[in-house]
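An overview of the molecular structure
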Amino acid sequence: MRFSGIHTPIITPYREDRSIDYDALEAVLENLIASKVDGIISGGSTGEYYAQSIDERKELANFIKKKLTGRLPLTIGTGAMRLEDSLSMARHAREIGADAILVGSPPYSVPTERENALNALAIDRAANLPIILYNYPGRMGVSMGEEFLDRVGRSGNFQAIKESSGDINRVHLLARDYPHIQMCCGMDDQALEFFAWGATGWVAGGANFLPREHAALYKACVLEGDFVKGRRIMSALLPLMRVLEQGGKFIQNIKFGCEIMGMRAGPPRPPLRALNKEDKRSLERVVEVLRSTISKIESGEKQ
């Protein structure tokens, strides 16, 4: 499987009582399909998998798979603290005909590179599907280093990696020493650098509500090879990246971004809380300017 283009880790809309709003989820999904993103990820951190039971995660995967009707590839997240839960999600992905699975490091336990690799290989055996690794040491406590990559490389299913360390030297390492693993941007404010170093795709949470604007950067850099245009688009996107990450409110901002675009998203589940009025106004201003600026760049209008 080619993990190329924009793969969106879809949000989980909730009602005010924090139950899953499946009607709203279908609307977000249909908007992504209409916007021509390249893939959907169910059970990513943007989807708040950590606040859901395994049964809920399976129900969400079932729903998304059914509604996609084969129109886009579906990747299912297997992240969990317990290996048993990851194995259960991996088997479920295989059973419902998912196209790939997302495999991260188990949080909190801080495994060694060898232990982490054996964990990932066990998940691989349970699914036997293409895998996109998820390297996010800031959340998981460990990085998928060279020993890990060498060990999991014994299985051909490990085909891509979402690199979210924020360390640009990791981008260099993956590009030079692991070219057989498709590199995907997982650090939004470094997307231009990822593409310059040969990244094939972008796992972009912000694409839940601005899919066309994210795709514009991918198109300019990867499909057209126009990094002059790419820098202009990236410059327009950077204020959004700063706002999304302000105060650790990434998911809250993504969900309110969907609301700005006319889609119900609802509040996040605890311990997270919805944005305050000031934060909402800040995101609204950024989105308005960003959309106008990128539209002008795409139309060829000089600034």
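Rules used throughout
- Residues numbered from 1 in each chain as written.
- Predicted model: local features only at pLDDT ≥ 70, side-chain atom pairs only at ≥ 80, totals over all residues.
- Heavy atoms only, no water.
- Axes fitted to C-alpha atoms, helices over the stretch in contact; angles between N-to-C directions.
- Helix = DSSP H or I, 4+ residues; strand = E, 2+ residues; numbered from the N terminus.
- Parallel < 35°, antiparallel > 145°, perpendicular 65-115°, else oblique.
- Contact = heavy atoms within 4.5 Å.
- Nonpolar A, V, L, I, M, F, W, Y, C, P; charged D, E, K, R; others polar.
- Salt bridge = Lys/Arg side-chain N within 4 Å of Asp/Glu carboxyl O.
- Buried < 20%, exposed > 50% of the residue type's maximum accessible area, 1.4 Å probe, protein only.
- Phe/Tyr/Trp six-rings, centres within 6.5 Å; stacked < 30°, edge-to-face > 60°.
- Lys, Arg positive; Asp, Glu negative; His and termini not counted.
- Core = buried A, V, L, I, M, F, W, Y, C linked by side-chain atoms within 4.5 Å.

Their axes nearest at 7 Å, the elements helix α10 (residues 227-245) and helix α11 (residues 250-260) cross at an angle of 120°. In terms of their interaxial angle, α10 and α11 are classed as oblique. Facing α10, whose interface residues are Val243, Leu244 and Glu245, α11 presents Phe250, Asn253 and Ile254. Considering only residue class, the contact of α10 with α11 consists of four nonpolar, one polar and one charged.

A few words on the pattern of salt bridges. Here the structure, examined in full by the defined rule, presents 13 salt bridges. We note a salt bridge from Lys67 to Glu26, for which the minimum N-O separation is 3.7 Å. Residue Lys67 is found in helix α2 (residues 54-68), and its partner Glu26 is found in helix α1 (residues 22-34); the two are separated by 41 residues along the sequence. Notably, a salt bridge pairs Glu56 with Arg269, separated by 2.8 Å at the nearest N-O pair. Residue Glu56 is found in helix α2, and its partner Arg269 is found in the loop between α11 and α12 (277-299); the two are separated by 213 residues along the sequence. Among the residues examined, Arg269 registers a relative accessible area of 10% and is labelled buried. Here the residues in one salt-bridge network are Lys219, Glu224 and Lys229, joined through shared partners.

A word on the packing of aromatic side chains. This structure, assessed with the given rule, holds five aromatic pairs. The interplanar angle of 70° and the centroid separation of 6.1 Å between the aromatic rings of Tyr49 and Tyr50 together place this pair among those described as edge-to-face. The exposure class of Tyr49 is buried, given its relative accessible area of 12%. Note on Phe195 and Tyr218: the rings are 5.8 Å apart at their centroids and 70° apart in plane angle, and the pair reads as edge-to-face. With Phe195 in helix α8 (residues 191-196) and Tyr218 in helix α9 (residues 211-223), the pair connects residues that are 23 residues apart, well separated along the chain. For Phe195, a relative accessible area of 5% puts it in the buried group. Take Tyr218: its relative accessible area is 10%, and that puts it in the buried class. A network of ring pairs unites the aromatic residues Phe195, Trp202 and Tyr218 as a single cluster.

Now for the side chain of Arg57. Looking at where Arg57 falls in the secondary structure, it is placed in helix α2. No salt bridge is formed by the buried Arg57; the nearest opposite charge belongs to Asp85, separated by 6.6 Å. Leaving out residues up to four positions away in the same chain, Arg57 has contacts with Gly43, Tyr49, Gln52, Gly77, Thr78, Gly79, Ala80 and Met89.

Another point: the nonpolar core. Membership of the largest hydrophobic core comes to 89 residues, with the highest contact counts inside it found for Ile40, Ile64, Ile101, Leu133, Trp202 and Leu217. If one sorts the elements of this core by residue count, α10 sits on top with eight residues. Ala100, Leu102, Ala160 and Cys184 belong to the second largest nonpolar core, which has nine residues in total.

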